[in-house]
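# Close look at the chain arrangement
The lines below spell out each chain.
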Amino acid sequence: MREITLSEFERSQAAVVEAEEVFEMDEESFRVFYERTARPLCLYLARVSGDRALAEDLMQETYYRFLRARMPDLGEAHRKNYLFRIATNLLRDHWRSHKGDQGMISETIEVPALDPVAERVHQRSELSYAMLRLKPREREMLWLAYAQGSSHKEIAEVLGLKAASIRLLLFRARRKLAAFLRRRATAENQREPQSADRATP
Amino acid sequence: MKPHLCDQETALLEAILAGRWPGGCESDLRAHVAQCSICADVALVAQTLHREHDGARAVVAVPAAGLVWWKAQMKARREAVKRASEPIALVESAAGIFGVAALVALAIGRWDWVCGWLAWLKQLPNAGAFRPRGLWPGDAVASFQSFSFLIIASATACLLLVLLVLYFFLAED
């Protein structure tokens, strides 16, 4: 095995120091920021990707890139938008490298069951099914607008779009999701009386 | 009015996000939503997504902040060490390549020397100085009949050793 020379060792030590200085935030500030953003970010990634494991991987990478980024003094809201923008870009990179897989798997997707109440789980899988029928950008937009309550300006910042175009894009995505949800609800209602008929002797 | 706009949309969304829909809202807004297709879509989608978000947020498990911080630091260190050792690896590779190139150039430039050495190596087993006959008693000499084989074997071993060292040297890079 190759021996490490003294200069090499010194260089490595310098690299370690450099790595510690490379983050813009100190650990305490990060902890506060993380507590505020980790859950919404995790849910955003999980709902948009439809894959909980992928969401967890991307979450770590998102925070790493966020910590490495040289940011001017941004306010809390802008920092959060910046974090979500990194996450969105990472998701898009993932889809680009796994061409064809944009999380748009309809029936086979495994939906993470977070709530033990059966009815809630059922509702959740209905929503997941409907969400995964949409295009990734539509999912991103709808989640940000209606789950997190982000403004059009914030959505534009996260998705890298013009704020003026958000309203129309949101309208189309919303109409699509509403139609899916209604269709699923109608199908479910039709199935219920049939199964009830079968159950009665 | 544009077909995708409704004046009441914002008020409705605010009510849903604040958890005031439908019970805590004015009857006018409820009556409007019952008639307006845009607001009906907003109510259905926003209510579904917001309820999902609130329910999941309470139970979703995320790694501890300290763990994420530590992993990020480890990654930054690995990248910094890699960045710092890149020039060293580059110089080592260059030195190896130049060394081999210099040897090849020397061999080509001084081919007559190489031929001379090869001829000398060929004659070496027959040289008197290396014949053990004069150094050892008669019986022992018989076992050294294949002395030339020993020299060839040692030269081959040396060559293999050099190749092995070269392999490890390049593999490290």
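Residues numbered from 1 in each chain as written. Chains lettered and ligands numbered in written order. Predicted model: local features only at pLDDT ≥ 70, side-chain atom pairs only at ≥ 80, totals over all residues.

On to the overall build of chain A. Scanning chain A from N- to C-terminus turns up 8 helices and 0 strands. Moving toward the C terminus, one meets the helices and strands of chain A in the order α-α-α-α-α-α-α-α. In chain A, which comprises 201 residues, the share counted as buried stands at 31%. Look at the contacts in chain A between residues 6 or more apart in sequence, and 65% of them connect residues 24 or more apart. (Helix = DSSP H or I, 4+ residues; strand = E, 2+ residues; numbered from the N terminus. Buried ≥ 20, exposed ≤ 12 C-beta atoms within 10 Å, placed from the backbone. Contact = placed C-beta atoms within 7 Å.)

Before going further, it helps to examine the overall build of chain B. Per the secondary structure count, chain B includes 7 helices and 0 strands. Ordering the α and β elements of chain B from the N terminus gives α-α-α-α-α-α-α. Taking all 173 residues of chain B together, the buried fraction comes to 14%. Put simply, 56% of the contacts in chain B that link residues at least 6 apart link residues at least 24 apart.

The next point concerns helix α4 (residues 76-97) of chain A. If you check α4(A), its first and last C-alpha atoms are 32 Å apart, about what 22 residues at 1.5 Å a residue would give, namely 32 Å. Listed in full, the buried residues belonging to α4(A) are A:Lys80, A:Asn81, A:Leu83, A:Phe84, A:Ile86, A:Ala87, A:Thr88 and A:Leu91. (Expected span 1.5 Å × (residues − 1).)

Moving on: the packing of helix α2 (residues 27-49) of chain A against α4(A). Residue and element names in this part refer to chain A. Running from N to C, α2 and α4 cross one another at 30°; their axes reach a closest spacing of 11 Å. The orientation of α2 with respect to α4, classified from their angle, is roughly parallel. At the point where α2 passes α4, the crossing takes the right-handed sense. Residues Phe33, Thr37, Leu41, Tyr44, Leu45, Val48 and Ser49 of α2 lie in contact with α4, whose contacting residues are Arg79, Lys80, Leu83, Phe84, Ala87 and Leu91. (Axes fitted to C-alpha atoms, helices over the stretch in contact; angles between N-to-C directions. Parallel < 35°, antiparallel > 145°, perpendicular 65-115°, else oblique. Left-handed = near helix turned anticlockwise from the far one by under 90°.)

What follows concerns helix α1 (residues 9-17) of chain B. Residues and elements named next belong to chain B. Turning to α1, its buried residues number three or more, namely Glu9, Leu12, Ala15 and Ile16. Burial along α1 is one-sided: seen end-on, the buried residues are contained in an arc of 130°. Where α1 terminates, the next one or two residues include Gly19, which has phi positive at roughly 80°. (Arc of directions from axis to C-beta.)

Let's shift gears to unusual backbone geometry. Glycine aside, residues mostly have negative phi angles, and peptide bonds mostly take the trans form. A cis amide bond links B:Trp21 to the next residue, B:Pro22, at an omega of -5°. Along the chain, B:Pro22 falls in the loop between α1 and α2 (27-35).

Residues and elements named next belong to chain A. Counting 61 residues, the largest nonpolar core has Leu41, Leu45, Ala87, Met141 and Leu142 as its most contacted members. Looking at this core element by element, the count peaks at 10 residues for α2. Look past the residues within four positions of Leu45 in its chain and what remains in contact with it is Ala55, Leu58, Met59, Ala87 and Leu91. (Core = buried A, V, L, I, M, F, W, Y, C linked by C-beta atoms within 7 Å.)

Right, let's talk about the environment of B:Arg30 for a bit. All names here are of chain B. With respect to the secondary-structure elements, Arg30 resides in helix α2. Its 15 C-beta neighbours within 10 Å are what place Arg30 among the partly exposed residues. Sequence separation between Arg30 and Leu12 is 18 residues, and the spatial gap between their C-alpha atoms is 9.0 Å. Setting aside anything within four residues of it in sequence, one finds Arg30 in contact with Pro22 and Cys25.

The subject of this paragraph is the confidence of the model for chain B. Residues and elements named next belong to chain B. The predicted model of chain B has a mean per-residue pLDDT of 81, with 82% of residues at 70 or higher. Per-residue pLDDT, averaged within each element of chain B, yields its smallest value for helix α6 (residues 138-142) (53) and its largest for helix α3 (residues 37-59) (90). Taken over the whole predicted complex, pTM reads 0.67, whereas the ipTM for its chain interfaces reads 0.73. (pLDDT = per-residue confidence, 0-100.)

Attention shifts here to the packing of helix α3 (residues 52-68) of chain A against α4(A). In a pair of packed helices, the angle between the axes and the distance between the axes together describe the arrangement. All names here are of chain A. Orientation of α3 relative to α4, taken along the N-to-C sense of each, is 125°, at an axis distance of 9 Å. By the angle between their axes, α3 is oblique relative to α4. The interaxial crossing formed by α3 with α4 has right-handed handedness. Between α3 and α4, the contacting residues are Leu54, Leu58, Glu61, Thr62, Arg65 and Phe66 on the first element and Tyr82, Leu83, Ile86, Ala87, Leu90, Leu91 and His94 on the second. A breakdown of the residues in the contact of α3 with α4 according to their chemical character gives 9 nonpolar, 2 polar and 2 charged. (Nonpolar A, V, L, I, M, F, W, Y, C, P; charged D, E, K, R; others polar.)

Note that A:Ala178 resides in helix α8 (residues 163-199). A:Ala178 gets classed as buried once you count the C-beta atoms within 10 Å, which come to 21. Linking A:Ala178 and A:Ala130, residues 48 residues apart in sequence, is a C-alpha distance of 8.8 Å. When residues no more than four places from it in sequence are discounted, the contact partners of A:Ala178 are B:Asp41, B:Leu44 and B:Val45.

Further remarks concern the confidence of the model for chain A. Across chain A, the average pLDDT comes to 79, with 71% of residues at or above 70. Looking across chain A, the model is least confident in helix α1 (residues 6-21) of chain A, with a mean pLDDT of 58, and most confident in helix α7 (residues 152-159) of chain A, with 94.

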